[in-house]
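As a plain string of letters, each chain reads:
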Amino acid sequence: MEIPIHTKLFSLTILIFFFSYPLSKACHPIDKQALLHFKQTIIYDPSHLLQSWTPSSDCCTSWNGVVCDSSGRVVNLSRPGLVSDDGFIEDTYMSGSLSPFLANLSSLQLLDLSNLKDLNGSVPPEFGLLSKLQYLFLDSNKLTGTIPVSFKYLFNLKKLYLSNNFISGSVSLSVFQSWKFLSELGLSGNLLSGSIPSSIGNMVMLTKLDLHGNSFSGSIPTSTGNLKNLKYLDLSENLITGRIPGSVGKLSALVLVYLNQNKLTGSIPASISGLKSMQFCRLSENKLTGHLPQSIGKLPNIQRLILENNKLTGKLPATIGHLTTLTDLFFSNNCFTGKIPSSFGHLINLQSLDLSRNQISGEVPPQLVKLQRLQYLDLSFNPLKLVHIPSWFRKLKLFRLILAKTGIKGPLPSWLGSTSISVLDLSGNELTGKLPHWIGNMTSLSFLNLSNNGFHSSIPVEFKNLSLLMDVDLQSNKFRGGLDFIFSKKINYPLGQYNSIDVSNNMFSGPIEDAIGERPAMRTITWLSLSRNKLGASIPKSIGKLSELQVLKMVRNGVKGKIPEELGNAKKLSVILLSGNKLSGGIPEKVMNLKELKEFDVSENRLSGRIPKHKANIPASSFKNNDGLCAAPLLPCKKL
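Bear in mind the structure is a predicted one, so any value in this text is a computation, not a measurement.

J.: Is there a simple way to think about the state of the cysteines in this case?
T.: A disulfide bridge is the covalent bond that connects two cysteines by way of their sulfur atoms. Considering all chains together, one arrives at three disulfides under this definition. Residue pairing for C27: its cysteine sulfur links by disulfide to C59, the two sulfurs lying 1.7 Å apart. Disulfide C27-C59: the torsion about the S-S bond is 70°, which places it as right-handed. Here C27 is found in the loop between α1 (5-20) and α2 (29-41), whereas its partner C59 is found in helix α3 (residues 59-62), with 32 residues between them in sequence. On the basis of relative accessible area, C27 is assigned to the buried category, the value being 10%. Of the residues examined, C59 reaches a relative accessible area of 0% and is grouped as buried. With its sulfur 1.9 Å from that of its partner, C630 forms a disulfide with C637. Taking the sign of the S-S torsion, 90° for the link of C630 and C637, the bridge is right-handed. Not engaged in a disulfide, the cysteine C335 finds its nearest cysteine sulfur in C281; these two sulfurs lie 19 Å apart.

J.: What is the right way to look at the sheet that holds strand β26 (residues 409-410) in this model?
T.: The strands that make up a sheet pair up through hydrogen bonds in the backbone, lying either parallel or antiparallel. The three strands are arranged β26-β28-β30 in an open sheet whose pairing can be described as parallel. Only two strands of the sheet have a single partner each, and these edge strands are β26 and β30 (454-455). Bridge count between β26 and strand β28 (residues 430-433): two bridges; the pairing is parallel. When the sheet's bridge partners are listed, K409 is paired in β28 with E430.

J.: Help me understand the pairing of strand β3 (residues 74-77) in this model?
T.: Two faces make up the sheet, and in a regular strand the side chains alternate between them. Taken together, the three bridges between strand β2 (residues 66-68) and β3 define a ladder with antiparallel strand orientation. Residue pairing in the sheet places C68 in a bridge with V74 of β3. Across two bridges, β3 lies against strand β5 (residues 110-112) in parallel orientation. Bridge pairing in β5 links L77 to L111.

J.: Any chance you could explain the environment of S467 here in plain terms?
T.: When you line up the elements, S467 lands in the loop between β30 and β31 (471-473). Taking C-alpha positions, S467 is 51 Å from C637, a pair spaced 170 residues apart along the chain. Those residues in contact with S467 that lie beyond four places of it in its chain are K489, K490, I491, N492, L495 and G496.

J.: Would you mind showing me how to read α2 here?
T.: Each full turn of the α-helix corresponds to 3.6 residues, which orients residues three or four apart in the same direction. Look at α2: 19 Å from first C-alpha to last across 13 residues, which is about the 18 Å you get at 1.5 Å a residue. When we look at burial in α2, the residues that qualify are D31, K32, A34, L35, F38 and T41. Packed against the buried residues of α2 are β1 (42-44), α3, β2, β3 and β4 (94-97).

J.: I'm lost on the packing of aromatic side chains in this one. Help?
T.: Inspection of the entire model under this criterion finds 12 aromatic pairs. When the ring of W392 is compared with that of F393, the centres are 4.6 Å apart and the planes differ by 65°; the resulting orientation is edge-to-face. Each member of the pair, W392 together with F393, is buried. Look at F455 and F479: their rings are 5.7 Å apart centre to centre, the planes differ by 10°, and that puts the pair in the stacked class. Taken as a pair, F455 in strand β30 and F479 in the loop between β31 and β32 (480-481) lie far apart in primary sequence, 24 residues in all. Of the two residues, F455 and F479, both sit in the buried class. It is K489 that lies over the ring of Y498; its NZ or CZ is 5.1 Å from the centre.

J.: Explain a positive patch on the surface to me, please; I cannot follow it from the model alone.
T.: A contiguous patch of positive charge, built from K571, K590, K595 and K615, is present on the exposed surface. Its location among the elements puts K571 in the loop between β37 (560-561) and β38 (575-577).

J.: It is not clear to me how the side chain of Q134 should be interpreted in this structure. Could you clarify?
T.: Looking at the secondary structure, you find Q134 in the loop between β6 (117-122) and β7 (135-137). Here Q134 falls in the buried class, since its relative accessible area comes to 18%. Those residues within four positions of Q134 in sequence are excluded, and the remaining contacts are Q109, N156, L157, K158 and K159.

About the cut-offs
- Residues numbered from 1 in each chain as written.
- Predicted model: local features only at pLDDT ≥ 70, side-chain atom pairs only at ≥ 80, totals over all residues.
- Heavy atoms only, no water.
- Disulfide = S-S within 2.5 Å.
- Helix = DSSP H or I, 4+ residues; strand = E, 2+ residues; numbered from the N terminus.
- Buried < 20%, exposed > 50% of the residue type's maximum accessible area, 1.4 Å probe, protein only.
- Pairing = 2+ DSSP bridges.
- Contact = heavy atoms within 4.5 Å.
- Expected span 1.5 Å × (residues − 1).
- Phe/Tyr/Trp six-rings, centres within 6.5 Å; stacked < 30°, edge-to-face > 60°.
- Lys NZ or Arg CZ within 6 Å of the ring centre and 35° of its normal.
- Patch = residues over 30% accessible without salt bridge, like charges linked within 9 Å, V, L, I, M, F, W, Y side chains within 5 Å.
- Areas by Shrake-Rupley, 256 points an atom, 1.4 Å probe, with all protein chains shown as cover.
- Salt bridge = Lys/Arg side-chain N within 4 Å of Asp/Glu carboxyl O.
- Lys, Arg positive; Asp, Glu negative; His and termini not counted.
- Charge placed at Lys NZ, Arg CZ, Asp CG, Glu CD.

Now the structure itself:
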């Protein structure tokens, strides 16, 4: 389990506190009583974190997690047992609530009860009396209630983390107004709502602000521009509306800004060029519109720029080519038009380029051949009219190549066989001809999607060499012959076992071998779609041995015989579609009562007998055109 960075840092801080104070007097009785009261509110302590806290011992010298000053007053209360004897950070657990008596620790400077998992109840408003408190960490628990208004009296607070709890309500304007010395504020992963107070601009010492994963609404306060020391800003996964204020451009120290998954509108302000230190920018999943400002090319340190899933329009600015520090550029699912600027060839550090799902057209600039660090290229769903995959692509060291629906025609280029591509998606094009024998040379392939093309060959035996392949989609072509070379391919254990196979809407013929469920490559498959092929014969019983299978589609395959009862052994099946076949006999009760079953369709077969009682909500249409079936949801069976 990952330990929050601040927790790691404060295990060192604990030691600093310890060695900063000379040997103390005996623990002050008020402090000792307060700590013992806190121990009483802990109802479950399986790791014995508070075992050393006994009334007969001195809290300053004998209690884990407690540090006192020379006068015997507690200055530091941290998660007991955080650091083990051998120096490793230990995971901890504690169930109970926060005692308001902890507010009697009047000299307390650090309170760290984070990541105890099960501290519940509200944060006591009495904590506002801890006037000397500088560091408060209560994150990663199950605390409820609101942020107490009394926190406005914590004038000396430097770092506050309440993240990953169930704290709700709005944040008081006066609370943010008081924290003049706060450098880090973490409230993420809660149920907070309402607007972000405009008084946030008063926290001029702030270097880190993390409010993500709440329900904050309203706009981003213009006063945010006052936070000149801010390096980390995360307001993602909220309900924030309105424009990105131009004042954000004043945050010249900002290294990371995440505003994704909100409801932001309007254009990206030209003042973005003021973010000279910014390395990571994520504005995706909003409703941003307008053109990208030319000034976006004045971000000298930017590494990741993620603007996908907005409504941005216009041409891609050629100035983006100035961003030579860029490693990742994600602009997919917008409304960009025009050509890819040739200046993108200057992005020599680029590793990921995703321009998919836009309206980009014209030639892919050959200058992109300079991108020798590029591993991920996605230009899919653009009207590029490529006709052919540019031959200079072979000079790139691509790991993922996605060119779905880009107008490619003709056969697969043979140079693909000498690449190390792992993910290849050429679906939705006009590729024709045979699946070549050299496909077996693409031994790095883990994902292959050639669906919705015009291939018309059988599967070559060399397909069996794709020992890392885990997902294959060949649907909607004119493939013919048997499927055994797909099912029986080699694996490179533990890799190369299938997640999904979709070969529907082809001209494959059967029968499917009986041992399909015993093939090593099939052991972990979750999705198997064979529909609309001429498979004939019966449904192999061994499919029931596919313990991870969730979706089975065998629609209009010409299969006959009975539905094997053994399908009920595949406990994770949630979708079983067997309509339009020649199946006969009854429906096995074991299959109808699969716990995960959500969708079941055996319509247009020759089934008969009583439909077994079942918990899944299956409509009558899923059983239609089987003259011999009766019982709910069809008509009742006739009594003899």
